[in-house]
Structures are given as C-alpha cells and as structure tokens.
Amino acid sequence: AMVQAYQQMASDAGIKISNPIETFAKLRARATVPYEIWEARYSDTLQWSSDDGVENKTDMTWTRPVREIYLFRSVSAVIWEEQVDGVTGRQSLQVLRNMSQHSYWRFLARGNWPAMPDVEEAVYGLEATFRRLLYSDWIYGEVTPGIEFLQENDYAINPFVEVMFD
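Let me sum up the structure you'll find in this document. (Residues numbered from 1 in each chain as written. Predicted model: local features only at pLDDT ≥ 70, side-chain atom pairs only at ≥ 80, totals over all residues. Heavy atoms only, no water.)

## Notes on a nonpolar patch on the surface
Here's step 1: A surface patch of nonpolar side chains, amounting to about 570 Å² of accessible area, comprises Val66, Ile69, Tyr70, Val95, Met99, Trp105 and Phe107.
Here's step 2: Counting residues per element, the ones that place at least two in the nonpolar patch are strand 6 (87-100) and strand 7 (103-116).
Here's step 3: On the secondary structure map, Trp105 appears in strand 7. (Patch = residues over 30% accessible without salt bridge, like charges linked within 9 Å, V, L, I, M, F, W, Y side chains within 5 Å. Areas by Shrake-Rupley, 256 points an atom, 1.4 Å probe, with all protein chains shown as cover. Salt bridge = Lys/Arg side-chain N within 4 Å of Asp/Glu carboxyl O. Helix = DSSP H or I, 4+ residues; strand = E, 2+ residues; numbered from the N terminus.)

Here it is as structure tokens:
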C-alpha cells in the first residue's frame with residue numbers, strides 16, 4: 001500500500017563567476033511517491049543560462065533499501081538542450097552505503113547517449129564516490145575515481161579522478 005506522497009517546487013537564480021561571467025535561472029518540480037519498499041521520484045528541471053540557453057531535464061528515480069545498510073537506486077533521464085540537435089538519454093544504477101551520519105560510499109554504473117538524431121557520443125562509465133561532511137553542516141567533499149568508455153575513442157578505457165567541494 002502507498003504511504004504519503006509529496007510534491008515540491010524550487011527555483012534558483014544567480015551568477016557563476018567565470019570568464020565570461022554567466023547568469024542562470026532554474027525552476028524544478030518534483031513529485032515523490034513511496035511504495036512499500038520502493039520510492040519513486042519524478043522531477044523536471046527547466047534551466048536557462050547566458051552561455052548555454054535553455055535546457056530541460058526530466059528524470060525518474062527508483063530507490064529501495066537492500067538489507068539494512070545499502071540503498072539501490074536506478075535513475076533514467078532525458079535531457080533536451082537548445083544548442084544540441086536531439087535529446088540525450090541517461091541511465092544509471094547505483095548502490096549507496098552510509099558509513100556514518102556524515103559520510104557515504106556510492107558505486108555507480110552509467111550510460112549517456114544521444115538518442116536522436118543518431119548516437120555518436122555514447123559514454124559509459126563505472127565509478128566509486130566517497131562523500132564526507134568536512135566542515136560545519138555545509139561543506140562537503142567528494143573523491144570519485146572511475147573509468148569511462150567513450151564511443152568517440154572506440155570505447156578505450158579512460159581513467160579519471162574527480163575531486164569536488166560543495
């Protein structure tokens with residue numbers, strides 16, 4: 001049986017400090033419907049930026065616990081961009097494990113591919129992310145080592161490490 005569902009809307013606008021400076025505005029609608037052990041979340045984000053123009057991203061996320069310490073998540077998305085011919089499809093499968101209240105691991109397999117008009121830029125990847133609260137309740141750090149397989153490089157292995165703070 002379904003339990004309580006909820007919806008939310010959010011908006012954001014601002015300036016990205018870069019060369020040249022970029023302005024942006026974003027509107028997001030989200031609906032979440034929990035089922036017995038699954039949570040289904042639909043979201044749609046409409047964004048405008050002075051560099052990239054208009055973009056719309058629609059995604060559907062299914063999440064469920066696995067045992068007591070893991071979450072399984074499947075995310076399917078379609079992205080339309082004003083400056084790109086066609087749409088881009090994305091799919092990811094994730095396993096998350098909380099290590100503490102302030103840190104977690106995420107293991108991810110993903111694929112991105114322009115579905116129309118033709119597939120020329122497919123990218124597949126595997127990655128593992130460690131995320132931790134670094135300071136107070138607002139500065140997080142992430143380290144993500146992984147490998148990508150790009151169609152434009154005949155799917156040769158491309159290793160990477162990404163470090164991010166937010």
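## Focus on the pattern of salt bridges
Here's step 1: Taken as a whole, this structure holds five salt bridges when the rule is applied.
Here's step 2: Close ionic contact of Glu127 with Arg110 constitutes a salt bridge, the shortest N to O distance being 2.9 Å. Taken together, the residues Glu127 in strand 8 (residues 123-135) and Arg110 in strand 7 connect sequence positions 17 residues apart. A single burial state applies to Glu127 and to Arg110, both of which are buried. (Buried < 20%, exposed > 50% of the residue type's maximum accessible area, 1.4 Å probe, protein only.)

## Comments concerning the pairing of strand 9 (residues 139-150)
Here's step 1: Bridging between strand 8 and strand 9 involves ten bridges; their strand directions are antiparallel. Looking at strand 9, one finds that Arg132 is bridged to Gly141.
Here's step 2: Following strand 8, the chain reverses through three residues before pairing antiparallel with strand 9; Ser136 in that reversal takes a positive phi of roughly 50°.
Here's step 3: In the sheet, strand 9 pairs with strand 10 (residues 157-165) via nine bridges, with the strands oriented antiparallel. (Pairing = 2+ DSSP bridges.)

## Regarding the side chain of Thr63
Here's step 1: Note that Thr63 resides in strand 4 (residues 53-66).
Here's step 2: The buried category is assigned to Thr63, whose relative accessible area is 10%.
Here's step 3: Looking at Thr63, its side chain comes within polar contact range of the side chain of Arg73, at 3.1 Å.
Here's step 4: Other than its neighbours up to four places away in sequence, Thr63 contacts Ile37, Trp38, Glu39, Leu71, Phe72 and Arg73. (Polar contact = N/O pair within 3.5 Å; in protein donor to acceptor, adjacent residues only side chain to side chain. Contact = heavy atoms within 4.5 Å.)

## Side note on the packing of aromatic side chains
Remark: the centre distance and the inter-plane angle together describe each pair of aromatic rings, the angle taken between the planes.
Here's step 1: Throughout the structure, instances matching the rule amount to seven aromatic pairs.
Here's step 2: Ring geometry for Tyr35 against Trp62: centres 6.2 Å apart, planes inclined by 20°, an arrangement best described as stacked. Residue Tyr35 is located in the loop between strand 2 (22-34) and strand 3 (39-49), and its partner Trp62 is located in strand 4; the two are separated by 27 residues in the primary sequence.
Here's step 3: Ring plane angle 50° and centroid distance 5.2 Å describe the contact between Trp105 and Phe130, whose orientation is recorded as tilted. One end of the pair, Trp105, is in strand 7; the other, Phe130, is in strand 8, and 25 residues separate them in sequence.
Here's step 4: Judged by relative accessible area, which is 27%, Phe130 ranks as partly exposed.
Here's step 5: In this arrangement the basic side chain of Lys16 is found over the ring face of Phe24, its NZ or CZ atom lying 5.8 Å from the centre.
Here's step 6: One cation-aromatic arrangement involves Arg97 over Tyr70; the distance from NZ or CZ to the ring centre is 5.9 Å. (Phe/Tyr/Trp six-rings, centres within 6.5 Å; stacked < 30°, edge-to-face > 60°. Lys NZ or Arg CZ within 6 Å of the ring centre and 35° of its normal.)

## Structural notes on the environment of Phe160
Here's step 1: Mapped onto the elements of the fold, Phe160 is located in strand 10.
Here's step 2: Taking the C-alpha atoms as reference points, Phe160 and Thr144, separated by 16 residues in sequence, lie 8.1 Å from one another.
Here's step 3: Ignoring anything within four residues of it in the chain, the contact list for Phe160 reads Arg110, Glu127, Thr144, Pro145, Gly146, Ile147 and Glu148.

## Section: the side chain of Glu148
Here's step 1: Tracing the chain through its elements places Glu148 in strand 9.
Here's step 2: Here the side chain of Glu148 touches Arg110 through a polar contact of 2.8 Å, side chain to side chain.
Here's step 3: Not counting residues within four places of it along the chain, the set of residues in contact with Glu148 comprises Arg110, Val123, Tyr124, Gly125, Ala156, Ile157, Asn158 and Phe160.

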